[in-house]
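Structural features, examined
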Amino acid sequence: MNPIKNMLVMVELESRRIRHDRTEIYTRAVQPVLWLVIFGPVMGALRAIPTGGIAYTDFITPGVLVQSMSFVSIFFGLTMVWERESGILKKLLVTPAPRYSIVVGRSMSSGVRSVFQALIIIPVALLIGVRIVPNPLYFIGVLAVLFVSSGGFAATSILIASLMKSRERFMGIGQAIIMPLFFASNALYPIEMMPPILKALSSVNPMTYIVDAVRSLLITGDLAQLPLDLAAIAIFDVAMFIIASASFKRIIE
Amino acid sequence: MEGLRLSLGGAAGGAHLKNISCHAFSTLMEFAVDARGIVKVYEKTSRALDGVDLQVRPGKVFALLGPNGSGKTTLMRILTTQLPPTEGHADVMGHDTVRESGAIRGLVGYVPQEMSVWTDLSGYENMLIYAKIYGIPSEARRRLIDDSLEGIGLSDAKDRLVRSYSGGMIRRLEIATALLISPKILFLDEPTIGLDPVARKAVWDKLTSFKKDFGTTVFFNTHYMDEADLYADEIGIISRGRIITTGTVAELKRSVGGEVLVLETESNGVDAATLEMVRGVASVRDVALGESELAVIADDAETALPGVMRILGNSGAMVRKVSMSAPTLDDVFLKYAGTRLESGGRLSDVSRVRKTIRRGG
């Protein structure tokens, strides 16, 4: 079976699930909205962070979007754990779909949730006065970047799920991964402000590149770094797909 | 003349060759499932399967009967290509489960023990997603799904979320999904676990009619003896990772030692000569005299009864009551595995039912 087609089926599956039940999308939107509505204006009022002439809330909007995307995707791996405990994964393994396409397909389908999430957060950002680049192509680009990066994080979570054997352990690990990545990125402050060690860390942090891509498309409109960002995202995705597929057999047993 | 004969010979030779290849194919497919020396060790220590040899002929309904933890599920997961065996090898429909797993996956329908549908989708959507994964062309899809849903009696519920289904409806939906591709062989892991008797019967009615229409081989795991007894052509008994015995239900029961007739008589009404005559009745194997009862062990108690009654009547012994007991699969299990199957099953059954409910809810 064609893996692309399989991926599309998984995306369709996720869209249908969201259509029936959107509660999770709304509840998960609470946290990012708080970052935008409270943290942004309060920190911005201090004028302590040099953002290159952008309002602080505008500066962190991409970071908040990416953080929410990564939470959605990481916890998507939890679905995989649930599917292992139920019979769904077993059943999928006995379909003609190749195993790696199950991993890649399930990972990419988390992008559906991430994009829906972004479509809730962005209007809130607009409401509180964040100015975005008024170009529909750029906007589509933002959603595409979020969708594609989501796959990498979801694959990461499948990898974690294959190492963890229980849901409870998994919850803790999910938090423990996202928050450090978030703080070691340019989501809340420019990289130039960071101490050297953090600077080095942030340069190998996929979140830095994703935030940068979203920021250039959504806020600044300056696409000079975009090719580099996209290349980094592609490497992150492919690497995680390969590692997750390789460790997938641990989930099965 | 010579040339003609040669060419005739050639044609005959060709036909012969064709026969051979046909024959080769049929020997290849002599068994729908052919497992040899399967060993499965989990995490280097726990030996789930300990040298399983098992052959199932095509077109049969085969039940693998054993208590929980005996290795049934592991064996099924190996046969359905989910897990590689640690040792040994298995062919399913003539394909090796490791080297030709892709070919097998296109031929098998599989219903795992746990719930395998998405509860936050409708019944129809579940079928649709699996139909797409199986690559059923879009023109055929809608009708095929509608027909399958009709066939299992879920047409009215097809647009409801599966979350609102009963356990029996979920199982039927799962079976319909497994049947979408008209599989050559159907693997069912505890197909009716946690279902009430009515739902169990409904599930088996659908399976039986499908089997009749398509001649599909059915391989199911169960720890319900009555289920194996009622629906299986052949039974394999598994205990602690080994297949202990296989055969038809009748063969297995016979191997336990036949059926038992117990005749309550007036005390001392039966003398030694009568006893010898009873022993001579067709199909009677053994006779034992108690204080006020006579036990007759026979291959077929129903056939033996009239003869036994006549002899006792002639000898003047008064028979007050006759009871007949056939050996159950539990007796079979006891004989081969050294433990009872029934007692072990019940408690874990309850917890499993609870699990199913929790997952469904």
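Counting restarts for each chain, with residues numbered from 1 along the sequence as it is written. Each chain is given a letter, starting from A, and each ligand a number, starting from 1, according to the order in which they appear as written. A pLDDT threshold of at least 70 governs which residues receive local features in this predicted model, and a stricter bar of 80 or more applies before side-chain atom pairs are shown or counted, although totals over entire chains, interfaces and linings include all residues. As a convention, hydrogens and water are excluded, and side-chain values are obtained from all of the structure's heavy atoms.

What follows deals with the overall build of chain A. Segments assigned H or I by DSSP are reported as helices when at least four residues long, segments assigned E as strands when at least two residues long, and all are numbered from the N terminus. On a plain count of helices and strands, chain A comes out with 10 helices and zero strands. The secondary structure elements of chain A, listed N-terminal to C-terminal, are α-α-α-α-α-α-α-α-α-α. Each radius of gyration reported is based on C-alpha atoms, and the globular scaling rule is 2.2 Å times the count of residues to the power 0.38. Taken against the 2.2 N^0.38 rule, which gives 18 Å for 253 residues, the C-alpha radius of gyration of chain A at 18 Å falls within 12% of a compact globule. Oriented by its inertia axes, the alpha-carbon framework of chain A measures out at about 55 × 40 × 35 Å. Working definition: with a 1.4 Å probe on protein chains only, accessible area under 20% of the residue-type maximum means buried, over 50% means exposed, and in between means partly exposed. Per-residue burial over chain A gives 55% buried out of 253 residues. Any two residues whose heavy atoms approach within 4.5 Å are treated as being in contact. Pairs at least 24 apart in sequence give 80% of the contacts found in chain A among residues at least 6 apart. What sets the accessible areas is the Shrake-Rupley method with a 1.4 Å probe; for residues, cover comes only from the shown protein chains. In the form shown here, chain A has an accessible surface area of approximately 10400 Å², with 70% of it arising from carbon and sulfur atoms. Between the mean site of the 21 positive side-chain charges and the mean site of the 14 negative ones, chain A shows a separation of 7 Å. For this count, His and the chain ends are skipped, Lys and Arg are scored as positive, and Asp and Glu as negative. Lysine's charge is taken at NZ, arginine's at CZ, aspartate's at CG and glutamate's at CD.

Helices are assigned an expected span. That span is 1.5 Å times one less than the residue count. Along its 30 residues, helix α3 (residues 56-85) of chain A runs 44 Å from first to last C-alpha, staying within 8% of the 44 Å computed at 1.5 Å per residue. Of all 30 residues in α3(A), 28 are buried, a share of seventy percent or more.

Here we take up the sheet that holds strand β2 (residues 46-56) of chain B. In any sheet, the strands associate via hydrogen bonds between backbone groups, in a parallel or an antiparallel arrangement. Residue and element names in this part refer to chain B. Strand pairing follows a simple DSSP-based rule, namely that at least 2 bridges must link the two strands. Strand order in the open sheet made by the four strands is β2-β1-β4-β5, with antiparallel pairing throughout. The outermost strands of the open sheet, each flanked by one partner alone, are β2 and β5 (95-96). Pairing geometry for strand β1 (residues 33-42) and β2, over eight bridges, is antiparallel. The residue of β2 that forms the bridge with Ala35 is Leu54. Note on geometry: axes are C-alpha line fits, over the in-contact stretch for helices, and angles between N-to-C directions span 0 to 180 degrees. Of the strands in this sheet, β1, β2 and β4 (87-92) are in contact with helix α2 (residues 72-79), which crosses β2 at around 65°.

Entries for chain B in the domain assignment read domain 1 (31-252) and domain 2 (259-326). Annotation comment: domain bounds sourced from an automatic or database domain assignment. Here the C-alpha centroids of domain 1 of chain B and domain 2 of chain B sit 45 Å apart.

Now for the side chain of B:Asp34. All names here are of chain B. Structurally, the position occupied by Asp34 is in strand β1. Under the relative-accessibility criterion, Asp34 is labelled buried at 14%. Among the polar contacts listed, one links the side chain of Asp34 to the side chain of Gln55, at a separation of 2.8 Å. When neighbours within four sequence positions are excluded, Asp34 is seen to be in contact with Leu54, Gln55, His89, Ala90 and Asp91. For this analysis, a polar contact is any N or O atom pair within 3.5 Å, provided that within protein one partner can donate a hydrogen and the other can accept it, and provided that sequence-adjacent residues contribute only side-chain to side-chain pairs.

Between chain A and chain B, the residue contacts involve 29 residues of the former and 33 residues of the latter. In this description, buried area is defined as the sum, over both parts, of the accessible area (probe of 1.4 Å) that is lost when the two are combined. Around 3000 Å² of area is buried between chain A and chain B when both sides are counted, 60% of it from carbon and sulfur atoms. Sorting the residues of chain A by area buried against chain B places A:Lys90, A:Lys91 and A:Val94 first, and these three jointly supply 24% of that buried surface. For this analysis, a salt bridge means a side-chain nitrogen from Lys or Arg found within 4 Å of a carboxyl oxygen belonging to Asp or Glu. The tally of links between chain A and chain B comes to five salt bridges. When the shortest N-O distance is used, the salt bridge between B:Asp120 and A:Arg17 registers 3.0 Å. Listing elements by their share of the side of chain A that touches chain B, those giving two or more residues are α1 (3-20), α3, α4 (88-93) and α5 (99-127) of chain A. Looking at the side of chain A that touches chain B, the element that brings in the most residues is α1(A), giving nine residues.

Attention shifts here to the sheet that holds strand β8 (residues 217-222) of chain B. All names here are of chain B. Strand order in this open sheet of six strands is β6-β7-β8-β3-β9-β10, and the pairing throughout is mixed. The open sheet has two edge strands, β6 (108-111) and β10 (242-247), and neither has a second partner. On average, each strand axis in the sheet is inclined to that of its neighbour by 15°, with strand direction left out of account. In terms of strand pairing, strand β3 (residues 61-65) meets β8 through five bridges, oriented parallel. Looking at the pairing, Leu64 lines up with Asn221 of β8. Here helix α9 (residues 249-257) sits on the sheet in contact with β9 (234-239) and β10, set at roughly 105° to β10.

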